Amino acid sequence: MTSAPTTAASLQPGTVTLRIDQQTVHAQEGETIFKAAQRHGIDIPHLCFKDGFRPDGNCRACVVEIAGERTLAPSCCRTATAGLEVLVNSPRARKSQQMVLEMLLSDMPDVGHKWLEDGVGQHGELSDWAQRLDVQVRPALQALRRTQPAADVSHPAMAVNLDACIQCNRCVRACREEQVNDVIGYAHRGAHSAIVFDLDDAMGSSCCVACGECVQACPTGALMPKSQMGSQVVDKQVDSVCPFCGVGCLLTYNVKDNRIVSVDGRDGPANHQRLCVKGRFGFDYAHSPQRLTVPLIRKAGVPKDPAAIAQLNRDSADWSAVFRQASWDEALALAAGQLTHLRDTHGHKALAGFGSAKGSNEEAYLFQKLVRTGFGSNNVDHCTRLCHASSVAALLEGVGSAAVSNQVNDVAHAELIFVIGSNPTANHPVAATWMKNAAKRGAKIVLADPRVTDIGKHAWRTLPFKPDTDVAMLNALIHTVIDEGLVNQDFIRDRANNFEALKQNVQGYSPEAMAPICGIPAATLREVARAFATAKSAMVLWGMGVSQHVHGTDNARCLIALVSVTGQIGKPGSGLHPLRGQNNVQGASDAGLIPMMYPNYQRVSNAAAHAWFEKFWDTPLDNQPGYTVVEIMHKALADDSDPHKVRGMYIMGENPAMSDPDLNHARHALASLEHLVVQDIFMTETAWLADVVLPATAWPEKTGTVTNTDRMVQLGQQAIDPPGQAQPDLWIIQQIAQRMGPHASALREAQPHASALRGSLPPEGASPALGRPGGGRALACGYAGPQSGVAEVYEEMRQAMHGVIAGISWERLQRESSVTYPCLSESDPGEPTVFTQHFDTDDGRVHLVPADIIPANERPDADYPFVLITGRQLEHWHTGSMTRRSGVLHAIEPTATASMCGADLLTLGLNAGDVVTLASRRGQVSLRVRRDDGTPIGSVFMPFAYYEAAANLMTNAALDPFGKIPEFKYCAVAVRAGGELPHNAGFFSRDRVGRVALAAPPSKGVAQA
Ligand code: SF4
Ligand code: SF4
Ligand code: FES
């Protein structure tokens, strides 16, 4: 293993000079002839080679002649060396290239599986090269064609047509070396050799995770997305960003007749063409016939019944008994009119808004601005509260910035990768591929998680600690580092505060003392601590298993302490990375969609920041933090006499009636509101409780930016038109804002400091170039320009966030698609690794905060003896309103299941596939059980994406005191055999698949449990 590079210069290779087809060519040291030629515009035929993949050199379509050498050389794997004289177009090289193409073409079926115009070029890249080199297949060769293998259409998403396979091995490398899924192999001998799935199984019954990397790699159409078999001609290809997880894969939508027909991975900095099943095949939700297409108003006299939500069948429910259609004018007038009435009658705390981490940065910015300047309070939040609020609290306190220190694919430079509380192969699948790649080249993965998930197969050590004992385990690691003299003394001396307090605190946390508590042997804890401390570079990546606890902030404090005592931060391959969940949870938080901070984390209670934003938006602002997601639900149920009782809400793109903890309470709270406006693309559980429902646009229908987990601001362009009367979210927010106007100006008198300080100081970190108060717009202004003024909104947001994105102009994003912040000027490339010199704290040092064990709010007992752990799964996202309406994703994972280990199933007398009922003190659901031996004894894992078995009916709303995040990852439940499954629940009960061709779904449901 090589050590991590310490400087960028050490990564720069030298160059060599050679000649290719009489042209002088400069190749980088170690570069192949093929790549050097390609960079100089010299095309060489190739089939088994694909950019980004390891050259395999098996097809020989790329052979070239090298002066002085007897045999032709495959240019894709021959290194360019100084002085070579290479001929690509010599008669001998050309003849050989043509012969390879002719032989391969002679074995192809008469009708191919992908072509361009009018059936020309039936076999993709093979036909293309054959045409370019004027290759004609001789009939005598064609007569020798192999027996054509039968098609395999057993997979919901992909078709296998091995009659068109040229055995180039690209799919094998895609599967084994890029995505590291190890499903596709190359089997048999001679004329019988073929690619196979697992042990020569049908693709649909193999352990394929449907990332689709193989179909993207296949040059001939032997592997194809079922949605794009045949003609590849599309109306347009539009560049965008995946709308699902925080990895932020760049992609291209292939659009025909205003429908997305397929998706290709783009060479984005986070994904380098890779995608997972959601990004590649989960696009057709946008075309669902269940999209909201007209504004709706609740019919007079129809009550809001929170209990009825639990019985709702999303697939068949008919809203016409509850709502009536309305014009946009009527719906907007009612939506804004009632919100204004409540604000003006009950004061500015009477309203609250939830924005969305699924929306763009511009929508998040404008939404929080509406709440702050129009509603008159800071009662604005979004689902970051439910995923990483505690991580953010600890990071802001410890290192002064809520974002990651290093990007995910920096694991390429890590010797040790510490993954904790995260299931990356399911939740951040492309991020997981970088980790698996790193493990292949020798990095040690440590998986610390009560559930041993797939990434554990690639781990050097797994630490399946007992749920809720994170602090005990992490303190034991820190204790070992200090106890065994492995502290990075220079780092502590130069860059950290409060080490002595930390040292004292962990004295009582020896591995020997903690082993019985956390369940990990002391020797293993010591071994892992030593490896972490002595690795040349070590990165920590964590997920919601860390954050969704009442001690989530303490868990993250321990991780900050661990990297600090070992000095594993501030250099390549070493640092902290909380893996963000939703596609734009980073950006929405950055843009101020949180109750205690303006854009760029300027605290609302900071007098200078408050004054600056008052001037910037030309409106008096509240200087008290607003309420968080769960607190707002409590305030909706507050007594009438409470001056902070929330009476009206505007919810854009979130579904708290599914995503909040203790759903019965949350639904009751939503139903009790005097006025609820919901803006969404589907009739969500929350929308059923609304007074006004506004039909909005799906991600492929709009242009905007999102910010991924790596701090990359990325631009997505509109690919398709929205259905019916659905309107862009940006337009809708502006319409509401214009109708509400700014809140009453009485606030200014209540805050005497505001006018005194206005304009005197920019907010923290402001750069003078852009930090001009007054650059923003007062509330009532509309934004000019295409796409509801998205570019203007972005530019205003850029001023408000100049401390981090000053150098990322709209024009630059249109040019570059993705730019990493901090980025302070047009020429600034952005900083992938931060904290190299100092932290963003007031004194530039990391602030260590000791943490002690705090038990979960609700422990198992005799009545509720199991621990419920909730989360996501590979195919379904969040509350499932998008992914469950995708034909492919639904076909692969159609029903809700609860996972338990074999030992617990045996104890309870259950078999995989049995119906069980899970019950907590707050609610219960019935669903089928699947066996998963990675789930710890005494625990049940359940995804929360299924409305018919809503996990959050059972979860606990107890909050972490700092991040105000609920304890989704731990509550006590009972498990009993039997129960009644909801009748006909799910999706696609009627023919709603659209153009995605579904073969018999080989459900992974319970059959393979
Ligand atoms: S299926 Fe496609 S990618 Fe795989 S070996 Fe055959 S031609 Fe190559
Ligand atoms: S890893 Fe995340 S961003 Fe990438 S394709 Fe999958 S869901 Fe989309
Ligand atoms: S492309 Fe070089 S051997 Fe196949």
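Relevant structure appears above.
Just so you know, these numbers come straight off a predicted model, no measurement behind them. (Residues numbered from 1 in each chain as written. Chains lettered and ligands numbered in written order. Predicted model: local features only at pLDDT ≥ 70, side-chain atom pairs only at ≥ 80, totals over all residues. Heavy atoms only, no water.)

Participant: When you look at the nonpolar core in this model, what are you seeing that I'm missing?
Facilitator: The nonpolar side chains of soluble globular proteins are, as a tendency, buried together. Residues Tyr 285, Ile 417, Tyr 650, Leu 694, Ile 736, Ile 805 and Ile 808 are the most contacted members of the largest nonpolar core, which totals 106 residues. When sequence neighbours within four positions are dropped, the list of residues in contact with Ile 808 reads Val 713, Tyr 794, Arg 798, Leu 813, Val 819, Thr 820, Tyr 821 and Cys 823. (Core = buried A, V, L, I, M, F, W, Y, C linked by side-chain atoms within 4.5 Å. Buried < 20%, exposed > 50% of the residue type's maximum accessible area, 1.4 Å probe, protein only. Contact = heavy atoms within 4.5 Å.)

Participant: Help me out: how do you make sense of the packing of aromatic side chains in this one?
Facilitator: For any two aromatic rings, the description comes down to two numbers: the centre-to-centre distance and the angle of the planes. Under the defined criterion, the tally for this structure stands at 18 aromatic pairs. With centroids separated by 5.0 Å and ring planes inclined at 40°, the aromatic side chains of Phe 835 and Phe 839 adopt a geometry described as tilted. You'll find Phe 835 and Phe 839 in the same group, each marked buried. A network of ring pairs unites the aromatic residues Tyr 365, Tyr 598, Trp 612, Phe 613, Phe 616 and Trp 617 as a single cluster. The cationic tip of Arg 557 hangs over the ring face of Phe 962; the distance from NZ or CZ to the ring centre is 4.2 Å. (Phe/Tyr/Trp six-rings, centres within 6.5 Å; stacked < 30°, edge-to-face > 60°. Lys NZ or Arg CZ within 6 Å of the ring centre and 35° of its normal.)

Participant: Explanation requested: the site of ligand 2 in the structure shown.
Facilitator: Every residue close to ligand 2 is listed here: Cys 242, Phe 244, Cys 245, Gly 248, Cys 249, Leu 275, Cys 276, Lys 278, Gly 279, Pro 429 and Val 430. Of all the elements in the fold, those that place two or more residues in the shell around ligand 2 are α7 (277-281) and α14 (429-440). In terms of residue class, the shell around ligand 2 is made up of 8 nonpolar, 2 polar and 1 charged. (Near = heavy atom within 4 Å. Helix = DSSP H or I, 4+ residues; strand = E, 2+ residues; numbered from the N terminus. Nonpolar A, V, L, I, M, F, W, Y, C, P; charged D, E, K, R; others polar.)

Participant: Help me understand the environment of Leu 730, please; the structure alone is not making it clear to me.
Facilitator: Mapped onto the elements, Leu 730 comes out in helix α27 (residues 729-740). Classification of Leu 730 by relative accessible area gives buried; the value is 4%. Counting along the chain gives 368 residues from Leu 730 to Glu 362, while the straight-line C-alpha distance between them is 7.5 Å. Discounting chain neighbours no more than four positions away, the residues touching Leu 730 are Glu 362, Glu 363, Leu 366, Gln 787, Ser 788, Val 790 and Val 793.

Participant: Please clarify how the side chain of Asn 655 should be interpreted in this entry.
Facilitator: Tracing the sequence through the fold places Asn 655 in the loop between β27 (648-652) and α25 (656-659). Here Thr 686 takes part through its side chain, which lies 2.6 Å from a polar atom of the side chain of Asn 655. A distance of 3.3 Å separates a polar atom in the side chain of Asn 655 from a polar atom in the side chain of Thr 879. Ignoring anything within four residues of it in the chain, the contact list for Asn 655 reads Arg 314, Thr 684, Glu 685, Thr 686 and Thr 879. (Polar contact = N/O pair within 3.5 Å; in protein donor to acceptor, adjacent residues only side chain to side chain.)

Participant: Explain the pattern of salt bridges to me, please; I cannot follow it from the model alone.
Facilitator: Here the idea is simple: oppositely charged side chains can pair when their charged atoms come close. Within the structure shown, the criterion is met by 52 salt bridges. The shortest N-O distance in the salt bridge between Lys 349 and Asp 622 comes to 2.7 Å. Highlighted residues: Lys 349 in the loop between α9 (328-346) and β17 (351-354) and Asp 622 in the loop between α23 (607-617) and α24 (629-636), separated in sequence by 273 residues. For the pair shown, Lys 349 and Asp 622 are each scored as buried. Its salt-bridge partner being Glu 674, residue Arg 647 comes within 3.3 Å of it at the nearest N-O pair. Remark: Glu 674 occurs in the loop between α26 (663-672) and β28 (675-680) and Arg 647 occurs in the loop between α24 and β27; sequence separation between them is 27 residues. Taken together, the shared-partner salt bridges connect Asp 483, Glu 484, Glu 512, Arg 526 and Arg 530 into one network. (Salt bridge = Lys/Arg side-chain N within 4 Å of Asp/Glu carboxyl O.)

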